[in-house]
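Now for the letters of each chain:
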Amino acid sequence: MTRRDGFFLWPLLAPALLALIAGCASTPTPPPADPAVETAADVAVVQPQRSWDDAVLYFVMLDRFADGDDGNNQDVGDGPGNFHGGDLTGLIEQLDEISELGCTAIWITPIQQQIPGYVSGAGFFDWGYHGYWADDFYAVDPRFGTEQQMKTLVDAAHARGMKVLLDVVYNHCGYDSRYVQEYGRDWLRFGSRCGDDDITGCLAGLPDFKTENPEVREYLFGAQLGLAERTGVDGFRLDTVKHVEHDFWREHRERTRARLGEDFFLLGEVWGGDGRVLDPWFEPDEMDGGFDFSFQGSAIGFVLGRGRPVAFDHYLDRREQVRPGYFVSHYLSSHDTDGAILTLGGDFELFRMCVALQMTARGIPCIFYGEEVGRDIGTWPDNRTDMPWGDRPIEPGAGIERDEDLRAYYKQLIAIRRAHPSIWRGDREGLVFGQDHLVFHRHDPESGDRVLVAVNRGDTAVTAEVPRPDGWIGDAVSLTDGPAADEAGDQFSVTIPRRSVQILAPGDHE
Ligand SMILES: [Ca+2]
Ligand SMILES: [Ca+2]
């Protein structure tokens, strides 16, 4: 959840009115049998990540990805706030789409029972299709599937070498949820009792759990840790972290470690986070990682010509200054921000540069579903459009055009990243700064691996004279289908085509 889910929303309509308007009465259909977990020989398997440094994360908004069971399609429609029918079965069936891309981990939106109706204050009927408006933390929403299907998803991801992070919410429940009726102000702040700070305020008007209350904590830990234990997920994506007190997160960390294992991964959403902003959660070890909100705007601004390359190089240095052992995850688009391609005015050359910058930066690159095939990611709520499936008969995105060339570019960059530890765990040093170009060197002392990353945002090709990094043996060849560098004594002449990012490695490396 998100600041956007619920701004200016009004209370739920009365259920009778709701049924009248939505015509949503329907007879439940038995769920289909769970798809069997295939053997490794049948599926696209990715080399498992060696550590979270080496992860490539794929973020799926479950309802908008793939519909594998039309029997659970309640409240489905075309509106931006409707359910669109995507579910766990659909995701299980399309997992190869993600492992073939080379991703090592998936983050899925929350699956617990959502409020039954919708709100309409944003100007459209808005259901809990995103999963951030829980009505029962101890039940899986049948519109997403069943707990058994969640376990099947985890098993099927593991069979492909991928991990699964489940999005969980501790801060709030859905509008007018059963908790308001059953526990009232003992458990929740709402209405006139909302506080006016980050912890006690009612984010977007949502009822705020009194997470300082041990009874509330016990209830929520029981729900989330129990679900994780039964389904085998590898970690949580933690929603709205800064709206819950640190003391809660410390206890949460102890509980998850004790019950789910030392390596159960916690990736938190702290709005506006980067390595520095997140450190108050890292220093007391409340979570393993958090989202880097700075990268999207910085990368887009740079390729659009804002600021000098040397300033962008300084930024890249700063963002990698993260407490050792902790992680930041950087994205180009998200369910809470405008799509990068939109912000770039639909310029796919510049977008590809952003992708290359994302994939050559340390941290956990997070791909927002469909961005890799050029999904039309607009401004909220149109940043949650359906996964484009092209001519494949997969709803909700059947018939939506997809850019396979862009997907191939992602695959190439992910493969380069994973083959070169200098990219995901190495040191970074800027070597050349021009008006519109930048060359930096990455080096992993442990393996000796090294690459050059040469970036040119200008409209004409440039040739950069790059000093040979200490220890670089042999010539420098392009890993990205660009020209090889010419050697001249202690320098390489690297030609960087217009509006492109080239990655070069020692010629004897391959
Ligand atoms: Ca469905
Ligand atoms: Ca709170």
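As the structure is a computational prediction, the values presented were derived from the model and not from experiment. (Residues numbered from 1 in each chain as written. Chains lettered and ligands numbered in written order. Predicted model: local features only at pLDDT ≥ 70, side-chain atom pairs only at ≥ 80, totals over all residues. Heavy atoms only, no water.)

Enquirer: I keep staring at the sheet that holds strand 16 (residues 462-467) and nothing clicks. Help me out?
Expert: Think of a sheet as strands paired side by side through backbone hydrogen bonds, with each pair either parallel or antiparallel. Taken in spatial order, the three strands make up an open sheet running 16-19-18, and their pairing is antiparallel. Whereas interior strands pair on both sides, the edge strands pair on one side only; in this sheet they are strand 16 and strand 18 (486-488). Strand-to-strand twist in this sheet, taken as the mean axis angle between neighbours without regard to direction, amounts to 30°. In the sheet, strand 16 pairs with strand 19 (residues 491-496) via six bridges, with the strands oriented antiparallel. Note on strand 19: the bridge partner recorded for alanine 464 is valine 494. (Pairing = 2+ DSSP bridges. Helix = DSSP H or I, 4+ residues; strand = E, 2+ residues; numbered from the N terminus. Axes fitted to C-alpha atoms, helices over the stretch in contact; angles between N-to-C directions.)

Enquirer: Got a minute to help me understand the packing of helix 9 (residues 294-303) against helix 10 (residues 309-319) in this structure?
Expert: Between helix 9 and helix 10, the least distance of the axes is 11 Å, while the angle of their chain directions is 165°. Viewed along their axes, helix 9 and helix 10 adopt a mutual orientation that is roughly antiparallel. By crossing handedness, the relation of helix 9 to helix 10 is classed as left-handed. Facing helix 9, whose interface residues are Ser294, Phe295, Ser298, Ala299 and Phe302, helix 10 presents Pro309, Phe312, Tyr315, Leu316 and Arg319. A class-by-class count of the residues in the contact of helix 9 with helix 10 yields seven nonpolar, two polar and one charged. (Parallel < 35°, antiparallel > 145°, perpendicular 65-115°, else oblique. Left-handed = near helix turned anticlockwise from the far one by under 90°. Contact = heavy atoms within 4.5 Å. Nonpolar A, V, L, I, M, F, W, Y, C, P; charged D, E, K, R; others polar.)

Enquirer: How do you make sense of the domain arrangement of the protein when you look at a structure like this?
Expert: As a measure of interface size, the accessible area lost when the parts come together is often cited. Per the domain assignment, the segments of the protein are domain 1 (15-31 + 49-419) and domain 2 (427-506). Look at where the C-alpha atoms of domain 1 and domain 2 centre, and you get two points 35 Å apart. On the domain 2 side, the residues contacting the 26 residues of domain 1 number 22 residues. For the pair domain 1 and domain 2, the summed buried area comes to about 2000 Å², and 55% of that belongs to carbon and sulfur atoms. Taken as a group, Pro309, Met353 and Thr360 account for 27% of the area that domain 1 buries against domain 2, more than any other trio of residues on that side. Seen at the junction of domain 1 and domain 2, the total is six salt bridges. Across the salt bridge formed by glutamate 349 and arginine 499, the nearest N and O atoms sit 2.6 Å from each other. Taken together, the elements giving at least two residues each to the side of domain 1 that touches domain 2 come down to helix 9, helix 10, helix 12 (348-359) and helix 13 (404-419). (Domains from an automatic or database assignment. Buried area = accessible area lost by both parts, 1.4 Å probe. Salt bridge = Lys/Arg side-chain N within 4 Å of Asp/Glu carboxyl O.)

Enquirer: Would you explain the pattern of salt bridges in this entry?
Expert: One side chain can pair with another of opposite charge once the charged atoms of both are near each other. One pass over the full model with this rule turns up 45 salt bridges. With a closest N to O distance of 2.7 Å, aspartate 75 and arginine 143 form a salt bridge. Note that aspartate 75 is positioned in the loop between strand 1 (57-60) and helix 2 (88-93) and arginine 143 in the loop between strand 4 (134-140) and helix 4 (147-159), a separation of 68 residues in sequence. Three or more residues are tied together by salt bridges with common partners; here these are Arg217, Glu218, Glu245, Asp247, Glu251 and Arg255.

Enquirer: Looking at this structure, I do not really get the coordination of the calcium ion (ligand 1). What am I missing?
Expert: The protein atoms donating to the calcium ion (ligand 1) are Asp67 (OD), Asp69 (O), Asn72 (OD1), Asn73 (OD1), Gly85 (O) and Asp87 (OD), with metal-donor distances spanning 2.3 to 2.5 Å. Each donor residue of the calcium ion (ligand 1) belongs to the same chain, with the gaps between them written as D-x1-D-x2-N-N-x11-G-x1-D. Residue aspartate 69 is located in the loop between strand 1 and helix 2, and its partner aspartate 87 is located in the loop between strand 1 and helix 2; the two are separated by 18 residues in the primary sequence. Across the pair, aspartate 87 and aspartate 69 agree in class, each one buried. (Donors = N, O, S within 2.8 Å, 3.2 Å for Na, K, Ca; no water. Buried < 20%, exposed > 50% of the residue type's maximum accessible area, 1.4 Å probe, protein only.)

Enquirer: What should I look at first to understand the coordination of the calcium ion (ligand 2) in this one?
Expert: A metal bound by six donors in octahedral fashion has ideal angles of 90 or 180 degrees, whereas one bound by four tetrahedral donors has an ideal angle of 109.5 degrees. Bound to the calcium ion (ligand 2) on the protein side are Asn171 (OD1), Ile199 (O), Asp208 (OD), Asp208 (OD) and His243 (O), at distances that span 2.2 to 2.9 Å. We note that the donor set of the calcium ion (ligand 2) lies within a single chain, spaced as N-x27-I-x8-D-x34-H. Of this pair, asparagine 171 sits in the loop between strand 5 (163-168) and helix 5 (178-187) while histidine 243 is found in the loop between strand 8 (235-238) and helix 7 (246-260), placing the two residues 72 residues apart along the sequence. You'll find asparagine 171 and histidine 243 in the same group, each marked buried.

Enquirer: Would you explain helix 4 in this entry?
Expert: Structurally, the α-helix is built with 3.6 residues per turn, so residues lying three or four positions apart point the same way. Between its first and last C-alpha, helix 4 extends 18 Å over 13 residues, near the 18 Å set by a 1.5 Å rise per residue. Residues of helix 4 that are buried include every one of Gln149, Met150, Thr152, Leu153, Val154, Ala156 and Ala157, and no others. Buried residues along helix 4 sit against helix 2, helix 3 (95-99), strand 2 (105-108), strand 5 and helix 6 (214-231). Directly beyond the C-terminal end of helix 4, a positive phi value near 85° is found at glycine 161. (Expected span 1.5 Å × (residues − 1).)

Enquirer: Looking at this structure, how should I read the packing of aromatic side chains?
Expert: Aromatic ring pairs are defined here through the distance separating the ring centres and the angle between the ring planes. The final tally for this structure, using the stated rule, is 35 aromatic pairs. Consider the rings of phenylalanine 83 and phenylalanine 144, whose centres lie 5.9 Å apart with planes at 50°: the pair is tilted. Here phenylalanine 144 lies in the loop between strand 4 and helix 4 and phenylalanine 83 lies in the loop between strand 1 and helix 2, a separation of 61 residues in the sequence. We classify phenylalanine 83 as buried; its relative accessible area is 1%. Between the aromatic rings of phenylalanine 248 and tryptophan 249, the centroid separation amounts to 5.1 Å while the plane-to-plane angle is 85°, which identifies the pairing as edge-to-face. Three or more aromatic residues joined by ring pairs form one cluster here, namely Phe137, Tyr138, Tyr179, Tyr183, Trp187, Phe209 and Tyr219. Its end group placed over the ring of phenylalanine 368, arginine 375 keeps NZ or CZ at 4.6 Å from the ring centre. If you follow arginine 428 out to its NZ or CZ, it ends over the ring of phenylalanine 440, 4.8 Å from the centre. (Phe/Tyr/Trp six-rings, centres within 6.5 Å; stacked < 30°, edge-to-face > 60°. Lys NZ or Arg CZ within 6 Å of the ring centre and 35° of its normal.)

Enquirer: Would you explain the confidence of the model for the protein in this entry?
Expert: Note: predicted coordinates in regions of low pLDDT should not be interpreted at a detailed level. Confidence in the prediction of the protein, expressed as mean pLDDT, is 93, and 91% of residues score 70 or more. Note that pLDDT drops below 50 for residues 6-28; the model gives that stretch 36 contacts with residues more than four away or on any other chain. (pLDDT = per-residue confidence, 0-100.)

Enquirer: When you look at the side chain of glutamate 97 in this model, what are you seeing that I'm missing?
Expert: As for its position among the elements, glutamate 97 is in helix 3. Contacts of glutamate 97, omitting those with residues within four sequence positions, involve Glu372, Met387, Trp389, Arg392, Arg402 and Arg407.

Enquirer: Which parts of the structure should I look at to understand the environment of glycine 235?
Expert: Considering the arrangement of structural elements, one finds glycine 235 in strand 8. According to the relative accessible area criterion, glycine 235 is buried, its value standing at 0%. Through-space distance from the C-alpha of glycine 235 to that of phenylalanine 264 is 5.0 Å; in sequence the pair is 29 residues apart. Setting aside chain neighbours within four positions, we find glycine 235 in contact with Val164, Leu165, Leu166, Phe264 and Phe265.

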